[in-house]
Amino acid sequence: MKEIVISRRELGKLPEYSCSIPTGTTIGKRWRRRTNYNDPNSDWCIGEYVPYPSPGTVGIKWRWAIDANGEVHFVPLWYGEEL
């Protein structure tokens, strides 16, 4: 899986789907997901809907969320936390 450099603030603005995938399969739609939804300290990855060659379907591209220092692990984001 490739990486995407993203700030903590940008990551926090993405909707979280750690146990599912979003409906509304618009190409370019992005979301965040924990690699282990039971562990609030696990790493984040970013999902994005992308074009797929079969008619009526979309693909999902997964990338590790890394910060500007190249670190994969982000401090946990908590609901209601100021970003």
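Residues numbered from 1 in each chain as written. Predicted model: local features only at pLDDT ≥ 70, side-chain atom pairs only at ≥ 80, totals over all residues. Heavy atoms only, no water.

Draft legend 1. Representation of the overall build of the chain within the structure. The helix and strand tally for the chain stands at one helix and four strands. Along the chain, helices (α) and strands (β) appear in the sequence β-α-β-β-β when read from the amino end. A total of 83 residues make up the chain; the buried ones form 33% of that total. Of the contacts made within the chain by residues no fewer than 6 positions apart, 43% connect residues no fewer than 24 positions apart. Here the chain displays about 5500 Å² of accessible surface, and carbon together with sulfur accounts for 52% of that area. (Helix = DSSP H or I, 4+ residues; strand = E, 2+ residues; numbered from the N terminus. Buried < 20%, exposed > 50% of the residue type's maximum accessible area, 1.4 Å probe, protein only. Contact = heavy atoms within 4.5 Å. Areas by Shrake-Rupley, 256 points an atom, 1.4 Å probe, with all protein chains shown as cover.)

Draft legend 2. View of the confidence of the model for the chain. Per-residue pLDDT for the chain has a mean of 82; in total, 84% of the residues score no lower than 70. Considering each helix and strand of the chain separately, the mean pLDDT is smallest for strand 1 (residues 2–5), with a value of 84, and largest for strand 2 (residues 30–34), with 93. Contacts for the low-pLDDT stretch residues 75–83, under 50 throughout, to residues beyond four places or in other chains number 20 contacts. (pLDDT = per-residue confidence, 0-100.)

Draft legend 3. Looking closely at the packing of aromatic side chains. The final tally for this structure, using the stated rule, is two aromatic pairs. An angle of 85° between the planes, with centres 5.7 Å apart, marks the rings of Trp31 and Trp62 as edge-to-face. Taken as a pair, Trp31 in strand 2 and Trp62 in strand 4 (residues 58–66) lie far apart in primary sequence, 31 residues in all. Since its relative accessible area comes to 0%, Trp31 is described here as buried. By the ring-pair criterion, three or more aromatic residues cluster together here, those being Trp31, Tyr49 and Trp62. For the cation-ring pair, Arg32 lies above Trp44, with the distance from its terminal atom to the ring centre recorded as 4.7 Å. (Phe/Tyr/Trp six-rings, centres within 6.5 Å; stacked < 30°, edge-to-face > 60°. Lys NZ or Arg CZ within 6 Å of the ring centre and 35° of its normal.)

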